[in-house]
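The chain contents come next:
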Amino acid sequence: MQNLNPNINSSKLGACILLYGDSDSGKTTSFLTLEDPSLHINTQSKDARTTFNQFKHNKKITCVAPEGFDDLMDSENRWLEQVRKGEFPFKSVMLDDLTFSQSSFRFELEDDRHGARVLDDEKKTGLRGLTDRFRFEKPDWRSIGSMMSRITYLLNQFSKFGIVVVATAIATHDFPKYGGGVKTAPNLEGFDYTRLLHGY
């Protein structure tokens with residue numbers, strides 16, 4: 001069990017920040033305001049370096065792009081071990097972004113599910129029949145929630161060691177038909193993850 005000193009100087013604590021907004025609203029650009037040296041974890045389709053290079057800066061940035069869920073989990077576990085040993089070379093980290101991460105994890109699950117269906121069909125009929133590659137089943141939503149929770153939990157452990165952690169997400173807007181104001185929230189799906197996200 002990890003002992004946490006309640007009397008620690010607040011300046012030595014990190015922070016966990018969720019930054020969400022519309023596309024091209026400046027979420028990725030805000031990374032340039034974080035303390036150096038900084039690590040940018042890009043899960044979007046676009047290359048964030050094209051955004052950073054629009055500005056003159058002398059920031060000490062390292063950019064990485066994980067190749068799927070397992071690669072991201074392995075990297076976060078390795079980085080967290082470095083953090084605990086005092087060997088992590090960064091003072092701030094941004095995961096950019098959660099909405100795209102969730103989408104790519106869904107693709108992985110769809111492909112895995114499709115492969116399982118093909119094998120099942122071959123066992124039953126001896127033939128490779130037509131299978132629905134993109135059919136998403138109810139249990140898969142909990143799998144995605146678990147995947148998202150795991151990467152968020154690990155990443156936010158860094159903040160206990162004085163590192164600022166920022167995650168971004170695309171915003172979604174709800175325009176009620178009958179009264180009330182516009183409601184805005186991060187565009188994340190599923191039940192468990194969105195319910196527990198505030199706890200991370």
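Fair warning: this is a prediction, and the values are worked out from it, not measured in the lab.

So, how was this worked out
- In every chain, residue numbers begin from 1 and rise along the written sequence.
- pLDDT decides what is reported in this predicted model: residues at 70 or higher carry local features, side-chain atom pairs at 80 or more are listed and counted, and totals for whole chains, interfaces and linings draw on all residues regardless.
- Side-chain measures were taken over the full set of non-hydrogen atoms in the model, leaving aside hydrogen atoms and water.
- Numbering of helices and strands runs from the N terminus, with a helix taken as a DSSP run of H or I at least four residues long and a strand as a DSSP run of E at least two residues long.
- Here a residue-residue contact requires only that any non-hydrogen atoms of the pair lie within 4.5 Å.
- Using a 1.4 Å probe, accessible areas were evaluated by the Shrake-Rupley method; residue-level cover was limited to the displayed protein chains.
- Planes of paired rings set the category: under 30 degrees apart is stacked, over 60 is edge-to-face and the rest tilted, where pairs are Phe, Tyr or Trp rings (Trp by its six-membered ring) whose centres lie within 6.5 Å.
- Classification of residues uses two cut-offs on accessible area relative to the type maximum, computed with a 1.4 Å probe and protein chains only: under 20% is buried, over 50% is exposed, and between them is partly exposed.
- In plain words, nonpolar cores are sets of buried Ala, Val, Leu, Ile, Met, Phe, Trp, Tyr and Cys residues tied together by side-chain atoms within 4.5 Å.
- Per-residue confidence from the prediction method is given by pLDDT, with values spanning 0 to 100.
- A helix is expected to span 1.5 Å multiplied by its residue count minus one.
- Each C-beta atom gives one direction from the helix axis, and the arc is the one those directions make.

Before we move on, can you summarise the overall build of the protein with the specific residues and values?
Looking only at helices and strands, one finds five helices and six strands in the protein. Beginning at the N terminus, the succession of helices and strands in the protein can be written as β-β-α-β-α-β-α-α-β-β-α. Sequence separation of 24 or more characterises 70% of the internal contacts of the protein that already satisfy a separation of 6 or more. Summed over its atoms, the accessible surface of the protein is roughly 12,500 Å², and 51% of this surface lies on carbon and sulfur atoms.

Tell me about unusual backbone geometry, residues and numbers included.
Between aspartate 36 and proline 37 the backbone carries a cis peptide bond, its omega angle lying at -15°. Mapped onto the elements, proline 37 comes out in the loop between strand 1 (15–21) and strand 2 (38–42). The omega angle of the peptide bond from aspartate 96 to aspartate 97 is 10°, so this bond is cis rather than trans. Looking at the element boundaries, aspartate 97 is found in the loop between strand 4 (92–96) and helix 3 (98–125). For aspartate 24, which is not glycine, the phi dihedral falls at a positive 60°. Position of aspartate 24 among the secondary structure elements: in the loop between strand 1 and strand 2.

Report on the packing of aromatic side chains, specifying residues and quantitative values.
As enumerated under the stated definition, the model contains four aromatic pairs in all. Geometrically, the ring pair formed by phenylalanine 69 and phenylalanine 105 is edge-to-face, given 5.3 Å between the ring centres and 85° between the ring planes. With phenylalanine 69 in helix 2 (residues 69–85) and phenylalanine 105 in helix 3, this residue pair connects regions lying 36 residues apart in the sequence. Taking the relative accessible area as the measure of exposure, phenylalanine 105 reaches 2% and is therefore buried. When the centroid spacing of 5.2 Å and the interplanar angle of 70° are considered together, the rings of phenylalanine 88 and phenylalanine 90 count as edge-to-face. Clustering of aromatic rings is evident, with ring pairs tying together Phe88, Phe90 and Phe158.

Quick one: what's the story with the nonpolar core, residue by residue and with numbers?
Among soluble globular proteins, nonpolar side chains are generally buried collectively. Within the largest apolar cluster, 29 residues are counted, with the highest numbers of intra-cluster contacts made by Ile41, Phe88, Val93, Leu98, Met148, Ile151 and Phe158. Among all residues touching methionine 148, those that are not within four sequence positions of it are Leu98, Ser101, Gln102, Phe105, Leu188 and Tyr193. Leu32, Leu34, Ala48 and Val166 belong to the second-largest nonpolar core, a separate cluster that totals seven residues.

Tell me about the confidence of the model for the protein, residues and numbers included.
Summing up the model confidence of the protein, the mean pLDDT is 83 and the portion of residues at 70 or higher is 85%. For the protein, the element scoring lowest by mean pLDDT is helix 3, at 72; strand 2 scores highest, at 97.

So what's going on with helix 2? Which residues, and what values?
Compared with an ideal rise of 1.5 Å per residue, which puts 17 residues at 24 Å, helix 2 spans 25 Å between its outermost C-alpha atoms and is within 8% of the ideal. By the burial criterion, the buried members of helix 2 are Phe69, Leu72, Met73, Ser75, Glu76, Trp79, Leu80 and Val83. Along helix 2, the residues classed as buried sweep out an arc of 165° about the axis, all on the same side. Seen from the open side of helix 2, the exposed residues pointing more than 90 degrees away from its buried face are Asp70, Asp74 and Lys85. Of the residues trailing helix 2, glycine 86 is marked for its positive phi of about 75°.

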